[in-house]
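Secondary and tertiary structure notes
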Amino acid sequence: MDNKITTNKEPIHCPICNKPTEYSTPPIGTFCSTRCQMVDLSKWLNEEYVVSEPLQPHHFEDSEDQG
Ligand SMILES: [Zn+2]
């Protein structure tokens, strides 16, 4: 019998650093490390912040003195 090991897994690359890595169990997924995952997460999070209006000082001046 053949003792040849055939791996059906295709080598994947980390979408962040493009490093060849094996598919990890979630939450890491296709990332090579949690660090790259956070980078990807912060990337689209930053885009959300970009479109949103930056906080202005008058936003914090809403608290009036409660009598
Ligand atoms: Zn990576």
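This text goes with the structure placed above it.
Residues numbered from 1 in each chain as written. Predicted model: local features only at pLDDT ≥ 70, side-chain atom pairs only at ≥ 80, totals over all residues.

**A closer look at the overall build of the protein**
- When you go through the protein residue by residue, the secondary structure sums to one helix and two strands.
- The order of α-helices and β-strands along the protein, N terminus first, is β-β-α.
- Split into buried and exposed, the 67 residues of the protein put 4% on the buried side. (Helix = DSSP H or I, 4+ residues; strand = E, 2+ residues; numbered from the N terminus. Buried ≥ 20, exposed ≤ 12 C-beta atoms within 10 Å, placed from the backbone.)

**Quick look at the environment of Glu22**
- Considering the arrangement of structural elements, one finds Glu22 in the loop between β2 (20-21) and α1 (34-51).
- When the C-alpha atoms of Glu22 and Glu10 are compared, they prove to be 8.4 Å apart, with twelve residues separating the residues in sequence.

**Here we look at the environment of Val39**
- Structurally, Val39 is set in helix α1.
- Classification of Val39 as partly exposed rests on a count of 15 C-beta atoms within 10 Å.
- A C-alpha to C-alpha distance of 9.9 Å links Val39 and Cys17, two positions 22 residues apart in sequence.

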